[in-house]
Amino acid sequence: MNELGFSALNIMPLAFSLVTLIVGLVLWFFVNRSSSRANDQIALLEELVDLQKRQNALLRRLCEANEPESEQKPAAAAKEDNEDDFVRLVAER
């Protein structure tokens with residue numbers, strides 16, 4: 001008798017679909033926002049890596065330019081240095 005009237009049972013699937021759509025849009029917004037922020041951070045990190053590579057290359061060139069002429073150490077002094085390095089590696093109790 002009441003086929004054309006709106007009842008709670010007829011509106012329930014429509015309301016459920018609307019709520020699901022709103023929740024989906026909110027989730028999509030936050031996922032898209034976090035994804036774009038992650039992409040921005042990746043771009044900034046890549047730029048930092050490039051800058052560090054340039055700084056390292058410049059530092060190497062400066063060190064090579066300021067490097068004094070190498071002097072030959074006696075073999076005994078070189079051996080002493082190696083022994084000191086080994087002692088520093090051993091843990092003291």
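Preceding this section is the structure that the text describes.
Residues numbered from 1 in each chain as written. Predicted model: local features only at pLDDT ≥ 70, side-chain atom pairs only at ≥ 80, totals over all residues. Heavy atoms only, no water.

## So, the overall build of the chain
Working step 1: From N to C terminus, the chain includes two helices and zero strands.
Working step 2: Within the chain, the fraction of its 93 residues that count as buried is 0%.
Working step 3: As displayed, the chain has an accessible area near 9,700 Å², and 62% of this comes from carbon and sulfur atoms. (Helix = DSSP H or I, 4+ residues; strand = E, 2+ residues; numbered from the N terminus. Buried < 20%, exposed > 50% of the residue type's maximum accessible area, 1.4 Å probe, protein only. Areas by Shrake-Rupley, 256 points an atom, 1.4 Å probe, with all protein chains shown as cover.)

## Quick notes on a nonpolar patch on the surface
Working step 1: Nonpolar side chains collect at one region of the surface, where Leu 18, Leu 21, Ile 22, Leu 25, Val 26, Trp 28, Phe 29 and Phe 30 lie side by side and expose about 840 Å² of accessible area between them.
Working step 2: Mapping Leu 25 onto the fold places it in helix α1 (residues 8-66). (Patch = residues over 30% accessible without salt bridge, like charges linked within 9 Å, V, L, I, M, F, W, Y side chains within 5 Å. Salt bridge = Lys/Arg side-chain N within 4 Å of Asp/Glu carboxyl O.)

## As for the packing of aromatic side chains
Working step 1: Evaluated as defined, the whole model comprises one aromatic pair.
Working step 2: Where Phe 29 meets Phe 30, the ring centres are 5.2 Å apart and the plane angle is 70°; that geometry is what we call edge-to-face. (Phe/Tyr/Trp six-rings, centres within 6.5 Å; stacked < 30°, edge-to-face > 60°.)

None of this, on its own, says anything about what the molecule does.
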